[in-house]
Amino acid sequence: MGYAEGAWTLEDITFEAAPGSMVALVGPSGSGKTSVTYLAARLYDPGQGRVTFDGVDLRDLSLSDLARWTAKVTQETTLFNATIAENLRYARPQAEQDELERACRLAQIHDVIAALPQGYGTAVGERGYKLSGGEKQRLAIARAILRDPRLLILDEATSSLDSRSEALIQGALESLLVGRTSLVIAHRLSTILRADQILVLDKGRIVERGRHEELLARQGLYARLYEEQFRGAVA
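None of these values were measured; they are calculated from a predicted model.

Draft legend 1. Region of the structure containing the packing of helix 4 (residues 97-106) against helix 6 (residues 133-147). Running from N to C, helix 4 and helix 6 point in directions that differ by 125°, and their axes come no closer than 8 Å. Put simply, helix 4 runs oblique to helix 6. Both helix 4 and helix 6 take part in a crossing whose hand is right-handed. Contacts between helix 4 and helix 6 pair Glu 99, Leu 100, Arg 102, Ala 103, Cys 104 and Leu 106 from the former with Ala 142, Ile 145 and Leu 146 from the latter. Split by residue class, the contact of helix 4 with helix 6 holds 7 nonpolar, no polar and 2 charged.

Draft legend 2. Fine view of the pairing of strand 7 (residues 151-155). Summarising burial for strand 7: 5 of the 5 residues are buried, a large majority. In strand 7, alternate side chains face the same way, and those of Leu 151, Ile 153 and Asp 155 on one face and Leu 152 and Leu 154 on the other are all buried. Alignment of strand 6 (residues 70-73) against strand 7, held across 4 bridges, turns out to be parallel. Note that in strand 7 the partner of Ala 71 across the bridge is Leu 152. Where strand 7 meets strand 8 (residues 181-185), 5 bridges bridge the pair, whose relative direction is parallel. When the sheet's bridge partners are listed, Ile 153 is paired in strand 8 with Leu 183.

Draft legend 3. Quick peek at the packing of aromatic side chains. This model, assessed by the stated rule, comprises 3 aromatic pairs. Seen in terms of ring centroids, Tyr 38 and Tyr 44 are 5.5 Å apart; in terms of plane orientation they differ by 80°. Their pairing is edge-to-face. You can call Tyr 38 partly exposed: its relative accessible area is 28%. Here the guanidinium or amino end of Arg 150 rests over the ring plane of Trp 69, the centre of that ring lying 4.9 Å away.

Draft legend 4. Quick peek at the sheet that holds strand 3 (residues 22-26). Pairing is mixed across the open sheet formed by 6 strands, whose spatial order is 6-7-8-3-9-10. What marks the edges here is a single partner per strand, and that holds for strand 6 and strand 10 (205-210). Here the average twist between neighbouring strands, direction ignored, is 20°. Running over the sheet, helix 6 touches strand 6 and strand 7 and is turned about 170° from strand 6. Lying over the sheet, helix 7 (residues 163-177) contacts strand 3, strand 6, strand 7 and strand 8, oriented at roughly 160° with respect to strand 7.

Draft legend 5. Structural view of the pairing of strand 9 (residues 197-202). Counted residue by residue, strand 9 has 5 buried out of 6 residues, so it is predominantly covered. By the bridge criterion, 4 bridges tie strand 3 to strand 9 in an arrangement that is parallel. Bridging across to strand 9, Val 26 finds its partner in Val 200. Where strand 9 folds back on strand 10, the antiparallel hairpin that results is connected by 2 residues, among which Lys 203 adopts a positive phi of roughly 55°.

About the cut-offs
- Residues numbered from 1 in each chain as written.
- Predicted model: local features only at pLDDT ≥ 70, side-chain atom pairs only at ≥ 80, totals over all residues.
- Heavy atoms only, no water.
- Axes fitted to C-alpha atoms, helices over the stretch in contact; angles between N-to-C directions.
- Helix = DSSP H or I, 4+ residues; strand = E, 2+ residues; numbered from the N terminus.
- Parallel < 35°, antiparallel > 145°, perpendicular 65-115°, else oblique.
- Left-handed = near helix turned anticlockwise from the far one by under 90°.
- Contact = heavy atoms within 4.5 Å.
- Nonpolar A, V, L, I, M, F, W, Y, C, P; charged D, E, K, R; others polar.
- Buried < 20%, exposed > 50% of the residue type's maximum accessible area, 1.4 Å probe, protein only.
- Pairing = 2+ DSSP bridges.
- Phe/Tyr/Trp six-rings, centres within 6.5 Å; stacked < 30°, edge-to-face > 60°.
- Lys NZ or Arg CZ within 6 Å of the ring centre and 35° of its normal.

What follows is the structure, encoded as structure tokens:
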């Protein structure tokens, strides 16, 4: 995927996410983690090579099928100036009220919605400005649960949230991740430890891959990132 003549954002990226597995992406800022998730969601097409879903090139799939089979939860939640129910049904227009409520209970946001004067009929305002950051992210998780995706793409950063909101979101993510293939830009040690495969990116390339313990033993970039970013979370 090129951004200027002779320069590549990503190069020699090859990996497979097995059904039901979690692939964690780690690396310094600007290493290419987000670009990998953009390719997986077909927000970009690769300049060379291909991205496949169950062996089929994404370019040969209809956009409606790809949208139905994938869901993405990022740090910036997209909400529309509509009611909570309408924002949720963006994921599945025919969802019944009890399905909305089930998804929101799993995402640990139902009690907040139920306490609002209009409940699920409450308008959230442009970009959801009437909700806190943690509430918007849990609403996005509920929407992903409604979509019931085969592939979940997740940027789990919660650095801008208070500790209670972060704990609620981590609990909601547990419900969302169960049994799904997931591609996660991992910011938490707990996520990295449970990943089936860790890909370590640097300057647009995969420089290391494996499980936590074997990557630590190599004493490479992953070990350095662990010391700088994650070691304090061991306790």
